[in-house]
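# Chain and residue survey
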Amino acid sequence: MTNAVSFTAVSRHFGSVRAVDDVDLEIGEGEFFAMLGPSGSGKTTCLRLIAGFEQPTSGQIRIFGEAVEGIPPYRRNVNTVFQDYALFPHLRIIDNVAYGLMVRGVGRAERHRLAEEALALVELPGYGDRRTGQLSGGQRQRVALARALVNKPRVLLLDEPLGALDQKLREQMQEELKSLQKALGITFVFVTHDQGEALSMADRIAVFNQGRIMQVGSPEDIYRRPNSRFVADFVGASNVLPPDFTGTGKWSSLRPEAIRLTSSGGKPARVAWHSFLGGQTRVVLDSQGQRLNMLLPSTEPAPQDGATVRIRWNDQDIHLMDDDR
Amino acid sequence: MKSILKAGTAMALILSMAGQTFAAEMLTSVGAGEGSVVIVAWPGYIERGETDKSFDWVTKFEEQSGCQVQVKTANTSDEMVALMNEGGFDLVTASGDASLRLIAGKRVQPVNVDLIPSWSTVDDRLKNAPWHTVDGVHYGVPYMWGPNVLMYNTEVFKEPPTSWNVVFEEMELGDGKSNKGRVQAYDGPIHIADAANYLMHNKPELGIQNPYELNADQYAAALGLLRQQRKLVSRYWHDAFIQMDDFKNEGVVASGSWPFQVNLLKSEGLPIASVIPQEGATGWADTTMMHADAANPNCAYMWMEHTLSSNLQSDLSVWFGAVPSVPAACTDGRGMQNAEGCDINGLKDFDKIKFWTTPVSSCGSQDECIPYYRWVSDYIGVIGGR
Amino acid sequence: MTVQAAIVSPKRVGPAGELSDSLWRNPRFLLLLLLTPPLLWLGVIYLGSLFALLAQSFFSIDEFSGLINREPTLKTYRELFVPANLDILIRTVSMAAMVTIAAAAVAFPVAYFAARYATGRWKAVFYLGIMLPLWSSYLVKVYAWKLILAKEGILNWLVGKLHLTWLLDAYLQAPLIGGNSLSVSYTGTFLVFLYVWLPFMILPVQASLERVPASLIEASGDLGAAPGQTLRHVLLPLALPGIVAGSIFTFSLTLGDYIIPQIIGSSRLFIGQAVYAHQGTAGNIPLAAAFTVVPVLIMGIYLYAAKRLGAFDAL
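Predicted, not measured: the structure shown is a model, and the values here were computed from it. (Residues numbered from 1 in each chain as written. Chains lettered and ligands numbered in written order. Predicted model: local features only at pLDDT ≥ 70, side-chain atom pairs only at ≥ 80, totals over all residues. Heavy atoms only, no water.)

### Points about the interface of chain A and chain C
Filter applied, for reference: Contacts: residue pairs with any heavy atoms within 4.5 Å of one another. Using a 1.4 Å probe, buried area is obtained as the accessible area two parts lose upon being combined, added over both of them. Salt bridges are defined by distance alone: a side-chain nitrogen of Lys or Arg within 4 Å of a carboxyl oxygen of Asp or Glu. Polar contact is defined as a pair of N or O atoms within 3.5 Å, subject to the rule that within protein one atom must be able to donate a hydrogen and the other to accept it, and that residues adjacent in sequence are counted only when both atoms are side-chain atoms. Each helix is a run of H or I in the DSSP string that is no shorter than four residues. Each strand is a run of E no shorter than two, and both are numbered from the N terminus.
At the interface, 23 residues of chain A touch 18 residues of chain C. For the pair chain A and chain C, the two sides together bury roughly 1,700 Å², of which 62% comes from carbon and sulfur. In terms of surface lost to chain C, no three residues of chain A exceed Tyr74(A), His90(A) and Tyr99(A), which account for 34% of the buried area on that side. At the junction of chain A with chain C, the criterion picks out 1 salt bridge. We note a salt bridge from Arg48(A) to Glu218(C), for which the minimum N-O separation is 2.5 Å. Applying the counting criterion to the chain A and chain C interface returns 9 residue pairs in polar contact (both at pLDDT 80 or more). When residues of the side of chain A that touches chain C are traced back to their parent elements, those giving at least two are helix 1 (43-51), strand 6 (78-81), helix 3 (99-103) and helix 5 (137-149) of chain A. The element best represented in the side of chain A that touches chain C is helix 3 of chain A, accounting for 4 residues.

### Looking at unusual backbone geometry
Rules: Relative accessibility under 20% of the residue-type maximum defines a buried residue, over 50% an exposed one, and the middle range a partly exposed one, all with a 1.4 Å probe and only protein chains included.
In this model, Lys152(A) sits at a positive phi of 50°, which is unusual for a non-glycine residue. Among the residues examined, Lys152(A) registers a relative accessible area of 63% and is labelled exposed. Even without glycine at this site, His163(C) takes up a positive phi of about 55°. Along the chain, His163(C) falls in the loop between helix 7 (154-161) and helix 8 (165-173).

### Re the pattern of salt bridges
Residue and element names in this part refer to chain A. Using the criterion set out here, one finds 32 salt bridges over all chains in the structure. For Arg212, the salt bridge goes to Asp21, with nearest N and O atoms at 3.5 Å. Taken together, the residues Arg212 in strand 10 (residues 212-217) and Asp21 in strand 2 (residues 17-27) connect sequence positions 191 residues apart. Arg212 gets classed as partly exposed once you look at its relative accessible area, which sits at 36%. Asp21 sits in the buried class, given a relative accessible area of 10%.

### Points about the domain arrangement of chain A
Residue and element names in this part refer to chain A. The criterion, for reference: Domain start and end points were adopted from an automatic or database domain assignment. Gly is placed with the polar residues, together with every amino acid not listed as nonpolar (Ala, Val, Leu, Ile, Met, Phe, Trp, Tyr, Cys and Pro) or charged (Asp, Glu, Lys and Arg).
Split by domain assignment, chain A resolves into domain 1 (3-229) and domain 2 (238-320). On a C-alpha basis, the centroid separation for the pair domain 1 and domain 2 is 38 Å. Contact with domain 1, which involves 6 residues of that partner, is made by 6 residues of domain 2. For the domain 1 face of the interface with domain 2, the top three residues by lost area are Tyr223, Pro226 and Arg229, together amounting to 83%. In this assembly, domain 1 and domain 2 are joined by 0 salt bridges. For the side of domain 1 that touches domain 2, the class distribution of residues is 3 nonpolar, no polar and 3 charged.

This is the structure in structure tokens:
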């Protein structure tokens, strides 16, 4: 099977800045693939390399097996949903959605019919006559999606697609995107700095840091078995433990929800402070000079600040990491 | 929108004019000076040593009379008339194509020549000239006169041209090239008279007797000649300095011009000379005229006397390349001019010159002539290619 | 004991304090106060003179004495339509249109570069380069162009050095646009107009392009539009308000100018010169006023048409 997208030793340098540094990556056909990382980690540049807005300094990119070096964006059957949606303010919604068809020479009636279909797909039927200024943020997001999908791209790129939406709308859109992707079977590549979003939507995740990929894997892999201190810390705020704390000779990670209070045994720890998160309470502990995060279900009483408690965890929850970055 | 603003302000001035009354009372004696005198003049006509230290005919007058001289320069006769219509001036150095209009419009007042002691020294041929004397009444004092000479490039014309045809007819010049695009003409409507003067000599069957008095047929023939000239002229001249630049950089080799430009170009060492061809030439004769509502009549009279008696006539004749209205100024050593210089500037050619005067409908030589306003609009048309 | 700040701080002392409090409570009054002087200026001085001008155009002139006859008449307007004057109108409007189109064509790439690619120091250089010609005297520029375009001028010399004199001569042979030299041809007038008014086109176009997010251009390419299509379907429509704003400048400035065609060109009059000749030198204020009404009318029609075409929709 050919991969939808493959990077071989791809670098993109801007002067002395190595935005993307020697990246190898395979994205399978039909996959929902997330690129996760803090800002400036190179994930967006990777997306732009696929779209063709940037050209690699070195290395090779293939899309469905075809080398795309020197191919401009308008000749790539890849479409992008931009972070700011990039809707054309001078065009009506229907003409925004039909834009890709228009520039390819599809007749007016036909392209409006297809655009109307695409609008129905994103649950905005009959919005065609409006102007972009008359839509809410969520609606614009859907228009941007429809505008990309109407071209039937083989790969859909999404750049922080949910970044500008409020929490409630975000969760709803996450679900919709996921089901849309399943229904259409198109490869989705999306960029996000929100690990929750990546974990809940993606089939696989690539975690970026400083222009490099730290780890690629399923959400569960990434979450439970981070390969490095960076991944452990960035994805889900794990407790990163130094080698001498566990006595294993390696850095390890311990998920906050894996720590439990116990009446006897375990380790002693002092409660530094706690905060109420809704369904859970976050308790910050100090154990032998090591700061530990713990998540308790809200149904359990939270210990007092300053109290000394005993904590324990299962040995299999300690995940040893090979990479000490 | 500059033009709108300009027209707007001009209009405000015109409106303010409505309240003026006409004062035609002639002065019978000259009293004490009012302290200043305001004159509308051609550029270069009234010099106080600021352009060139040796040309100054204002400072002494100011010291002796106590009248401060203020000058407003005007580039065309039409502009002078407009300025005088606006008011606020005492005197104007009007050319013949403006003076009659000013008299008819009652913008100037009669001048009592008895109050001007040097009147007797004025060239007799100018004392009663029709461009400032109407029904025996003098409306001013002759200032300076000169011919509209044919200026030419001596490298192209080995011999001085003998006819104005070099600027009217397409022909091959001395250097074997056509004169097309290499000659110029004045962009004022009075240039129609130059065409008429040429026809008067070369087409006697038209019966032109005076180039400023044309009947419909004669006028049409003159316009026809000018339309033919339009094909030869790339750009008409308007500003003396732009004309000089055109002779230097634009390849212009012949044009009607003033001794002023000829003298300046010669002084720069350029191969330039001038001639009055066989047809004769038009010329200007300027008159110092006094505004009907002159606020400073005493200073005005003192200035008029000064123009005739001082070094002005002589030095201005050198400076501007013109001829004094007081012949003695050429010879009596009151200034820099001498007899030879006056001859070069055209003194001997007086009889060949038809002086600028405003064309009017009721003319002397025939029943009815084409009036000046037609000259204005038709000449705009000719330049525009109509 | 700690000293606590009062909830309401005391009134500022004096009438100024009283005034600012009451103005704060009556923002409409403040607005009125601020707007009255400029409105008076605009209303009385500007509109007043405009209407006085309009009134003048209904007077006529006694052609011999040059005095104005204050009887309302349409005679002056009829005079505007005699062939020689109609020529002037057509000549001026065509020139203004050509200058505007050329200015837009030249300004667009320059403005695009400045808006898209120039940053930091380059942006400063750009602004300096655009504004610098505006700082020097207009007359100096025009005279400089006379020297550049003259038959024995810099451009001819350069063309001669390049052995292209035959090409220039062939061009100058062309009817209408040609002439004895560039400096006495319509082409020369056109070039100088273009040069002098170009900054007035570049700046608004640049401002409008600056407001087009880069993502829109990328989105267009991403959706399959080749650069030419992006230009036509995205950039031009979004830059249109800027182009229209710039064209109002270049068009009206060309319509009104009377210096350039007097120094560079074939002595054929433009509206500005006709106005100057009729009011400044011939004292024919009514005809000058009638001539002046023409650009006002044309600009009115132009703005109306631009509005109908939706040029101001994106503002």
